[in-house]
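Listed here are the chains, written in short residue letters.
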Amino acid sequence: GPSIIFANQEKELPGITKEISRDEPDMKISLTKKIPDHMIMQDVFKNFTALIPYMSNPIDFTDPKNDQKIYSHILNVSMAFQNATHAKMLNSQGFKPSLQTMQEHLKGTADAFSSNHKNFALSRLRAASTMCISCHSQLPKEKGLSFNLMVNQVNRKNFNSDFTFAEYLFIVRNYDKAIKSYENAINEAIKNGQSLSKMEKELFQVQGPLTRVITESLNQILQISLKIQQDPKKALMLINKIKKNGKLPKFIYPQLENIKGQLDVLEKVTLKAPSNDSELEEFIKKQVEGHQTNAIPGEIDLKLLQVSGILSRYLNSHFETTDVPLIYYWLSFAERQISKTFYFGLSDIYLKECIRTNPKHAYAKKCFDEYEEQLTFGYTGSSGTFIPDDEKKELAELKALVKTKYP
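Residues numbered from 1 in each chain as written. Predicted model: local features only at pLDDT ≥ 70, side-chain atom pairs only at ≥ 80, totals over all residues. Heavy atoms only, no water.

Another point: the overall build of the protein chain. Of the regular secondary structure elements, the protein chain holds 20 helices and 4 strands. Long-range pairs, those at least 24 residues apart, make up 70% of the contacts in the protein chain between residues at least 6 apart in sequence. Carbon and sulfur atoms make up 55% of the accessible area of the protein chain, which amounts to about 18900 Å² in all. (Helix = DSSP H or I, 4+ residues; strand = E, 2+ residues; numbered from the N terminus. Contact = heavy atoms within 4.5 Å. Areas by Shrake-Rupley, 256 points an atom, 1.4 Å probe, with all protein chains shown as cover.)

Moving on to the packing of helix H16 (residues 302-317) against helix H17 (residues 324-338). Between H16 and H17, the shortest axis-to-axis distance is 10 Å and the interhelical angle comes to 150 degrees. In terms of axis orientation, H16 runs roughly antiparallel to H17. Regarding H16 and H17, the two cross each other, and that crossing is left-handed. On the side of H16, the interface is formed by Leu304, Leu305, Ser308, Leu311, Ser312, Tyr314 and Leu315, while H17 contributes Val324, Ile327, Tyr328, Trp330, Leu331, Ala334, Gln337 and Ile338. In the contact of H16 with H17, the residues fall into 12 nonpolar, 3 polar and no charged. (Axes fitted to C-alpha atoms, helices over the stretch in contact; angles between N-to-C directions. Parallel < 35°, antiparallel > 145°, perpendicular 65-115°, else oblique. Left-handed = near helix turned anticlockwise from the far one by under 90°. Nonpolar A, V, L, I, M, F, W, Y, C, P; charged D, E, K, R; others polar.)

What follows is about the packing of helix H12 (residues 212-228) against helix H13 (residues 232-243). With their axes 8 Å apart at the nearest point, H12 and H13 run at an angle of 155 degrees to one another. When the axis of H12 is compared with that of H13, the two are roughly antiparallel. Like other packed secondary-structure pairs, H12 and H13 cross with a definite hand, here right-handed. Along the contact surface, H12 presents Leu218, Ile221, Leu222, Ser225 and Leu226, while H13 presents Pro232, Lys234, Ala235, Leu238, Ile239 and Ile242.

Taken together, the side chains of Leu203, Val206 and Leu210 present a nonpolar region at the surface, about 230 Å² in accessible area. Relative to the helices and strands, Leu203 resides in helix H11 (residues 198-203). (Patch = residues over 30% accessible without salt bridge, like charges linked within 9 Å, V, L, I, M, F, W, Y side chains within 5 Å. Salt bridge = Lys/Arg side-chain N within 4 Å of Asp/Glu carboxyl O.)

With that settled, the discussion passes to the nonpolar core. With 112 residues, the main nonpolar core has Tyr168, Leu263 and Leu311 as its most contacted residues. Sorting elements by how many residues they give to this core places H17 first, with 10 residues. Those residues in contact with Tyr168 that sit more than four places away from it in its chain are Phe45, Thr49, Ile52, Met150, Val151, Val154 and Phe159. (Core = buried A, V, L, I, M, F, W, Y, C linked by side-chain atoms within 4.5 Å. Buried < 20%, exposed > 50% of the residue type's maximum accessible area, 1.4 Å probe, protein only.)

Moving on to helix H9 (residues 162-171). Of all 10 residues making up H9, 10 are buried, and the element is well covered by its neighbours. Restricting attention to buried positions, one finds in H9 the residues Asp162, Phe163, Thr164, Phe165, Ala166, Glu167, Tyr168, Leu169, Phe170 and Ile171. After H9 finishes, the residue Arg173 shows a positive phi value of roughly 65 degrees.

Okay, unusual backbone geometry next. Of note, the phi angle at Arg173 is positive, near 65 degrees, even though the residue is not glycine. Tracing the backbone through its elements, the reader meets Arg173 in the loop between H9 and helix H10 (175-194). Backbone geometry places Gln230, a non-glycine residue, at a positive phi of 50 degrees. When you line up the elements, Gln230 lands in the loop between H12 and H13.

Let us look at helix H4 (residues 67-83). Note: α-helices contain 3.6 residues per turn, so residues at a spacing of three or four share the same orientation. For H4, with 17 residues, the first-to-last C-alpha span of 24 Å sits near the 24 Å given by 1.5 Å per residue. Counting buried positions along H4 gives 12 out of 17 residues, so the element sits mostly inside the fold. Looking only at H4, the buried set comprises Lys69, Ile70, Ser72, His73, Ile74, Asn76, Val77, Ser78, Met79, Ala80, Phe81 and Asn83. (Expected span 1.5 Å × (residues − 1).)

With that settled, the discussion passes to the environment of Tyr329. Relative to the assigned elements, Tyr329 resides in helix H17. According to the relative accessible area criterion, Tyr329 is buried, its value standing at 14%. For Tyr329 and Ile355, which are 26 residues apart along the polypeptide, the C-alpha to C-alpha distance reads 9.5 Å.

Here the structure, examined in full by the defined rule, presents 16 salt bridges. The partner of Arg124 in a salt bridge is Glu391, with the nearest N and O atoms 2.8 Å apart. A residue pair is termed long-range when its members are at least 10 positions apart, and Arg124 in helix H7 (residues 118-136) and Glu391 in helix H20 (residues 389-405) qualify at 267 residues. Grouping residues by exposure puts Arg124 and Glu391 together as buried. When the shortest N-O distance is used, the salt bridge between Glu394 and Arg356 registers 3.5 Å. Of this pair, Glu394 sits in helix H20 while Arg356 sits in helix H18 (residues 347-357), and the two are 38 residues apart along the sequence. Using a relative accessible area of 3% as the deciding quantity, one classes Glu394 as buried. The network of salt bridges with shared partners includes Glu104, Lys352, Arg356 and Glu394.

Inspection of every chain in the model, using the stated rule, returns 13 aromatic pairs. Where Phe61 meets Phe113, the ring centres are 5.4 Å apart and the plane angle is 80 degrees; that geometry is what we call edge-to-face. With Phe61 in helix H3 (residues 58-62) and Phe113 in helix H6 (residues 99-114), this residue pair connects regions lying 52 residues apart in the sequence. Accessibility classification places Phe61 together with Phe113 in one group, the buried group. Here the aromatic cluster, defined as three or more aromatic residues joined through ring pairs, consists of Phe45, Phe159, Phe165 and Tyr168. The cationic tip of Lys366 hangs over the ring face of Tyr329; the distance from NZ or CZ to the ring centre is 5.2 Å. (Phe/Tyr/Trp six-rings, centres within 6.5 Å; stacked < 30°, edge-to-face > 60°. Lys NZ or Arg CZ within 6 Å of the ring centre and 35° of its normal.)

The next point concerns the side chain of Glu104. Among the structural elements, Glu104 can be located in helix H6. Filtering out sequence-adjacent residues up to four positions away, Glu104 remains in contact with Arg124, Lys352, Arg356, Glu394 and Glu397.

With that settled, consider the environment of Glu188. Following the sequence through the fold, Glu188 ends up in helix H10. In this structure Glu188 comes out as partly exposed when scored by relative accessible area, which is 25%. Sequence separation between Glu188 and Asp162 is 26 residues; the distance between their C-alpha atoms is 7.5 Å. Setting aside anything within four residues of it in sequence, one finds Glu188 in contact with Arg156, Ser161, Asp162 and Phe163.

Written out as structure tokens, the structure is:
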């Protein structure tokens, strides 16, 4: 088969030590259809791991001096997926986006980065890493074994901060360990704050680059305990524990009070997860459609966070339901609201899967309109709107799918 040459790799990266860089694929490695999927995925894993320090710091991700390194890693991941053939595995039970969606998503991520829409590329890259891992976590034991071996070879010393290590643990779904690392990251940031100059110490009291690690660690702790583990009690306990630290920046305390207030309510009301399609429609009407999102920008809407977790679980266990597009649409809605605060922008992946799984469904057209709007917004900048040709082509294909069903 035709071979693809890996993009030039830098051997050392800030934020990640030689243990990982040393294992990076040689720049001459070529991928052919003959290379087994598991070997291709090992390269994907190494490139994603090398990207984590940049993905967890938007300033580094958008810094032009890192362009070549970041772009080469994104390109390697995208190229590997173009050569992957594990379509059967990806199309089995549970939410595993189709191979086609992943291939186009990653190609689009590389396009977004190279056309200088870096924040858009960042949210897409984070979404892709979530999808990769959600697949791997559902693999049968023998298939997941080699992946787990790779994951276990990476530890704290591979990263330059507790926060980047916590992000790695979050991505590979080692949640309890990730929570501990986020707590360590908060303590590390406070310690760093105490050694700042007088002027910087004042900046440490307000929201900004000096306190980003604290707010993001808080958000991730809530994401794990509430959305993923569905445990408001645990979330409340963790927030109370953090709140006891008297050395946090001043602006954090009112936020913690607000979070505590929302968790107090969520802890008292058990959100009953739907167990069939009619219960699902009732749940969506009551908890999502009827839910008023917070008017205050930047304020965390914890109920929506918990609800999106319940919808994700339902999707994973009821993948044969005819209402899959309905779930995708509302998952995308919830994701869009909470991704203003949280880590991953899965919204556009949900919308594409909504269209592809069942273009005949009444919600497929709504998903297309929403996706077109999000894509246009993502590629709009100071110089107007620039949508790369590959993205336009995919948009036209999705439109055709929906159009043939809606004359």
